[in-house]
Amino acid sequence: MDPELLELQRQLEAAQSARSSVRLSERNVVELVQKLQERGIIDFDLLHTTSGKEYITSDHLKHEIKMEIKKQGRASLVDLSDTLGVDLYHIERQSQKVVSDDPTLMLINGEIMSQSYWDTVTEEINEKLQERSQIALAEIAAQLHIGSDLVISILEPRLGTIVKGRLEGGQLYTPAYVSRITAMVRGAARGITVPTNLPSVWNSLQQQLQEMHGASGVSVEGSFFQSIFNGLLKEGAVLGSIRPGGQWTPAVFAHAQKESVDAFFSQNSYIGYDMLQKLAIPQPKQYLEARYPDGIALDAVFVHPSVVDMLDTAVGDAIENGHWIDSLSVLPSYISGPDATKILSICPSLQKAIKSSKAVVFGESCVFSNVFIKGIFGRLEKDMDSFGIRHNVGQGRSVNMNLGSEHKAGSGQYSEGKDLVDNDTSSAGVSSDRGSKKKRGKGTGSTKGGSLEKDDDNRESIPVKSKKAHRKNKDAGSSGDVKHGGKKSPEKMKEENTNIFPDELIEQKVLAVAPELEELGGNAERRRNLLDNLQKQIDEAVLDMQLYEKALDVFEDDPATSGILHKHLLRSMGTPIVDKVLITLGKDSKLKNGMEVEDGEEEQVRLSTADRNSLVKDLPGALSLKAQALIEALEGKRFDSFMDALRDILEESGLTFKKLDKRLERTMLHSYRKDLTAQVSSENDPVSFLPKVVALLFLQAYNKALQAPGRAVGAVITLLKDKLPASTYKVLADYHSTTVKLLALQAAATDDEEDCTSDRMREKKEDLEERLMPELKSLVLGTSKE
């Protein structure tokens, strides 16, 4: 070591060990320091400690503050004041300088914290997070004694680096947990097929998580689910649209909406607004107008332009041939009077005819050619000639011939005018058969125009008053004329002229000339209601039959069982619909011909073959042939042939045969499965239980609905052998054999049966009820739930 340095150390040690001959008191030291400060020898601040016995410089205080922070990474100003023995005021001033000089430090809420401290803390948080998968920020804030906002500001820049997790909605999650929640959200969103409120879905997922984690699990906020869902939507992992309020419409539903609307509209050339409302389409009228710009929006339905073309052709044909037509007989049944008026108003042929005074509209739906009307007037004028009053008309005097203004159809006033007349009066008339919609392009008006040229001998005579009465009236009239200067007043002349024919008599004469106008009465409305009711029943029955028909394909390799099933469907499902169709078409034919029929439902009526053949004979032409073919198919052996015959007669009669598409089939099968499962679960009769449980097992195995009679159950069970677990099949086979034995014992039992037979029956029944039925229910319903 340097000798000079050694010498200095020696001198310092000697000075320290030497005794001072002069000692200063604390007061002298204070005064000395003050003198040094006054003379400027001490040119820096000296701070007093809280004890008052020590001085400390600002630089040294800052140094000690830094040292304290370095020890723990975090220091409270209050704690520093106690530890360093310096007044809090000085601590705060120097701490602010320390923090301002060092960017790695921060002063928050009376505490100085270093970045290294937060790095250490976040590492500890990350370790805990990986152990628990999720941590609430409130829990972290409570442990660190800081606010949640500060926790967020500390964690956010360290996410993905020190902290391996995701911060969302007041919770901190691990990537694995986020992936798990994402999978749940994605699965739930993809599983939704109808418009759904997302908050309700998030509530369901929260309940599911709580059931999985129990009380220890942290409740996931709905905002976290929503955030993940928004991310999936943005990525295209889920498809659809979301409206304010969390209303989610999946793309599959929107696609199904579009397909349903397109399919129905293309097949039927119309669609009702109520159907769109059932499909959850708001503002259906505006939706259809935007989707089909060429379509026509009516009050109740939206129709294709072909409907107008069809009516225009029929109306033009009726006007050209001098006939009349009720547009409701041409238009589909779903179009009512006001909508028929609107369609008529845009028919080019009618507008042209009205402008040229070739046609006139009565009521809401009836179009009469002027040729037809003039023919009726001509016949009535001939009747007036027989009374010698032709000159009244010839002289231009008005005769009240409203052509049935008081007619029971309420068909409105006659007008050769330019606009639709008296549209507020209702017309329920149907001038021709509603059937054969495929022939609507050809005029559908009355073809009885030739009746105007019948011999006058067939006309009815008009009753007249006796000569005495006539004379009396004449004398009274003469006296009145003399009294008033020998001239009748215009009002009296008008009254006499307008009362020549009572309205009832005019109606009788018009119907005598044109009996087809009788259809404008209540029969037409009854026909429409009759066929509409039949259509509703047919729609349901036809879909059910198509659903059960699909199961027949499974038994094509077993001709015996296949034949049994075909005949069973013909008898159980075909017979009721055939009887309903024949009875309804028979009523419709009578109403069309002006005959009265009794109102009433014949749903429970079961016709014999002779009854059906009798009804067929009363049907007109082609409809009769189609009906006969339907009866032959009903008595045949193939259900598919019967369905073809049913389709033919429905088309011939103007009714529709609704096809079963895949989407509707899935819906019906789901409903059928649910209903059948409930029946199996609640059934207590051991014999009735067997066909139901066999149908449910067949549905589970083949996803098809089956209707099988008792004698085919054994064959169905054999077919299911390879489709069922061995344990289930064994119980099912035992159940079937025991049921067969029970039924055989019941069939052989007589009033004088022996006790042993009764005991055996009781034994079989108890075996079914107490052992086999509960076991089979458990096996089948457990499989159904899965």
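Residues numbered from 1 in each chain as written. Predicted model: local features only at pLDDT ≥ 70, side-chain atom pairs only at ≥ 80, totals over all residues. Heavy atoms only, no water.

The name an unreviewed UniProt entry gives the chain is E3 UFM1-protein ligase 1 homolog, with Urochloa decumbens as the organism. Per UniProt, the comment on the chain under Sequence similarities (unreviewed entry) is "Belongs to the UFL1 family." (UniProt positions renumbered as here; feature names shortened; annotations may be inferred.)

1. Structural notes on the overall build of the chain
Assigned secondary structure in the chain consists of 33 helices and 17 strands. A burial count over the chain gives 41% of its 786 residues as buried. The contacts of the chain with a sequence gap of at least 6 include a subset with a gap of at least 24, amounting to 66%. (Helix = DSSP H or I, 4+ residues; strand = E, 2+ residues; numbered from the N terminus. Buried < 20%, exposed > 50% of the residue type's maximum accessible area, 1.4 Å probe, protein only. Contact = heavy atoms within 4.5 Å.)

2. Things to note about the packing of helix α4 (residues 77–84) against helix α5 (residues 88–101)
Between α4 and α5, whose axes approach to 9 Å, the crossing angle comes to 120 degrees. Crossing of α4 against α5: the hand is right-handed. Contacts from Leu 77, Val 78, Leu 80, Ser 81 and Leu 84 of α4 reach α5 at Leu 88, Ile 91, Glu 92 and Ser 95. Per-class residue counts for the contact of α4 with α5 are six nonpolar, two polar and one charged. (Axes fitted to C-alpha atoms, helices over the stretch in contact; angles between N-to-C directions. Left-handed = near helix turned anticlockwise from the far one by under 90°. Nonpolar A, V, L, I, M, F, W, Y, C, P; charged D, E, K, R; others polar.)

3. Some points on the sheet that holds strand β8 (residues 171–173)
The antiparallel open sheet is built from three strands, whose spatial order is β6-β8-β7. Of all strands in the sheet, those bounded by a partner on one side alone are β6 (134–136) and β7 (166–168). Recorded for the sheet is a direction-independent mean angle of 20 degrees between the axes of neighbouring strands. With respect to the sheet, helix α6 (residues 115–132) is in contact with β6 and β8, its orientation differing from that of β6 by roughly 120 degrees. (Pairing = 2+ DSSP bridges.)

4. Focus on the pairing of strand β4 (residues 105–108)
The sheet contact formed by β4 and strand β5 (residues 111–114) spans four bridges and is antiparallel. Looking at the pairing, Leu 105 lines up with Ser 114 of β5. In this antiparallel pair of consecutive strands, β4 and β5, the connection spans two residues, and Asn 109 shows a positive phi of 50 degrees.

5. Examining the packing of aromatic side chains
Under the counting rule described, the total for this entry stands at 15 aromatic pairs. For the pair Phe 362 and Phe 368, a centre-to-centre distance of 5.1 Å together with 90 degrees between the ring planes defines the contact as edge-to-face. What makes Phe 368 buried here is its relative accessible area of 6%. Members of the aromatic cluster, joined through ring pairs, are Trp 202, Phe 225, Phe 229 and Trp 248. Between Arg 647 and the ring centre of Phe 657, over which it is positioned, the NZ or CZ distance is 4.3 Å. (Phe/Tyr/Trp six-rings, centres within 6.5 Å; stacked < 30°, edge-to-face > 60°. Lys NZ or Arg CZ within 6 Å of the ring centre and 35° of its normal.)

6. What about the pattern of salt bridges?
Under the counting rule described, the total for this entry stands at ten salt bridges. The closest approach of N and O atoms between Asp 262 and Lys 258, which form a salt bridge, is 3.4 Å. With Asp 262 and Lys 258 both in helix α12 (residues 251–268) and four residues apart, the pair spans about one turn of that helix. Take Lys 258: its relative accessible area is 36%, and that puts it in the partly exposed class. When the shortest N-O distance is used, the salt bridge between Lys 692 and Glu 683 registers 2.6 Å. (Salt bridge = Lys/Arg side-chain N within 4 Å of Asp/Glu carboxyl O.)

7. Observations regarding unusual backbone geometry
Unlike most non-glycine residues, Gln 283 shows phi in positive territory, near 50 degrees. Note that Gln 283 resides in the loop between α13 (273–278) and α14 (284–291). In the Ramachandran plot, Asn 703 falls in the positive-phi region, its phi being about 55 degrees despite a non-glycine side chain. Among the structural elements, Asn 703 can be located in the loop between α30 (686–702) and α31 (713–719). Take Asn 703: its relative accessible area is 42%, and that puts it in the partly exposed class.

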